[in-house]
Structures are given as C-alpha cells and as structure tokens.
Amino acid sequence: MNALLKNEWLSLVFRLIVGAVFVYAALDKIMHPDGFAKAVSNYRILPGSLINLVALFLPWLELLTGAALILGTKVEGASFLISGMLVIFLIAVTATLIRGISIDCGCFTTSSAGRKAGWGLLVQDTLLLLLSLHLLARGPGRFALEAKRA
C-alpha cells in the first residue's frame, strides 16, 4: 500500500482530478457572481458584508489553485489552499445539515437546479480533501512542471 501511495502516476492522477474539479467548479461562479453570492448567503454563516467579497474572490482562488495543480506548478501551495477551502466547505455543509437547512450547495452551478448540500457532498469533499492532503505531503511529483528533484 505504501508503494502505491508513493507512485508518481498516482500523484499525477490526483493532481488532475482535484485540479479539474476546482477549475470546473469556478467557471459558473465566475460567470454568475450574483448567483454565487445568493448561494453563499443561503448557508447563513457569513455576515452580509462578506458575502459579495467571498462570491467574487473564492471562484478565482478555485480557478487559480486548480490550474496550478493541473499544470504541476506551486503544487504544495495550491494543495494547501485547496485543503483549507475543503475544510471550510465541510464545516459549512455540516453546519447546514445540523441546522436542517435544505439548500443547493452552489458547488458547480449557481442555478437553483444545482446539487443539494447533503451527505453525498460531505463524502465527495472528504475524498477530495484526502487527495489534496496526499499532494500536500508528496509534492508535485515527477510529472509536473515544477518537479521535485531527488
């Protein structure tokens, strides 16, 4: 199992998966910041003064960190930021479930026909967090623009 986790190809696959998810998640939010602001507001966690700031900043952070993973540059920094975002997402969804609030997660689309914040989302974000933490621990790997030299 240890040899599998150290496999350079596995790190590449993890980088591409996490990076693609974050790039894809950012696109609709960037194109529809007003809709994403509504999704952020629905969680009822942030004060109103921060909602627009988060709705404008977060998608660009997702896009840049996801692209960095795909390209294999600044992998440690990107995976650190993505891990932090995923922890915050997990807290937000958990708080929403505990309070019994039924909302669209705002993850990949800002439309009202999006995915509900629920247990499946918690599992998905936990798996992405594990992949991201693996990348944080392993570094960019050999198949990256910024490959670590032994």
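Here, the structure is the one placed above.
Anyway, here's the lowdown on the structure attached to this text. All of these numbers come straight from a predicted model, not from anything done at the bench.

### Let's talk about the packing of aromatic side chains
Ring pairs (aromatic) are described by centroid distance and by the angle formed between their planes.
Working step 1: Counted by the stated rule, this structure contains one aromatic pair.
Working step 2: Where Tyr24 meets Phe108, the ring centres are 5.6 Å apart and the plane angle is 35 degrees; that geometry is what we call tilted. Of this pair, Tyr24 sits in helix H2 (residues 8-31) while Phe108 sits in the loop between helix H5 (75-98) and helix H6 (119-138); the two residues are 84 residues apart in sequence, bridging distant segments of the chain.
Working step 3: By relative accessible area, Tyr24 is classed as exposed at 53%.
Working step 4: The exposure class assigned to Phe108 is partly exposed, which follows from its relative accessible area of 24%.

### Some remarks on the pattern of salt bridges
Working step 1: Following the criterion strictly, the structure yields three salt bridges and no others.
Working step 2: Close ionic contact of Arg138 with Glu8 constitutes a salt bridge, the shortest N to O distance being 3.5 Å. A residue pair is termed long-range when its members are at least 10 positions apart, and Arg138 in helix H6 and Glu8 in helix H2 qualify at 130 residues.

### Description of the side chain of Lys29
Working step 1: Mapped onto the secondary structure, Lys29 falls in helix H2.
Working step 2: Among residues more than four places away in sequence, those in contact with Lys29 are Phe36, Pro59, Glu62, Gly106, Cys107 and Thr110.

### Observations concerning the packing of H2 against H6
Working step 1: At their nearest, the axes of H2 and H6 sit 10 Å apart, and the two run at 130 degrees to each other. Between H2 and H6, the crossing angle belongs to the class labelled oblique. Our pair here, H2 against H6, has a crossing hand that is left-handed. Contacts between H2 and H6 involve Glu8, Ser11, Phe14, Arg15, Ile17, Val18 and Val21 on the former and, on the latter, Leu128, Leu131, Ser132, His134, Leu135 and Arg138.

Analysis parameters
- Residues numbered from 1 in each chain as written.
- Predicted model: local features only at pLDDT ≥ 70, side-chain atom pairs only at ≥ 80, totals over all residues.
- Heavy atoms only, no water.
- Phe/Tyr/Trp six-rings, centres within 6.5 Å; stacked < 30°, edge-to-face > 60°.
- Helix = DSSP H or I, 4+ residues; strand = E, 2+ residues; numbered from the N terminus.
- Buried < 20%, exposed > 50% of the residue type's maximum accessible area, 1.4 Å probe, protein only.
- Salt bridge = Lys/Arg side-chain N within 4 Å of Asp/Glu carboxyl O.
- Contact = heavy atoms within 4.5 Å.
- Axes fitted to C-alpha atoms, helices over the stretch in contact; angles between N-to-C directions.
- Parallel < 35°, antiparallel > 145°, perpendicular 65-115°, else oblique.
- Left-handed = near helix turned anticlockwise from the far one by under 90°.

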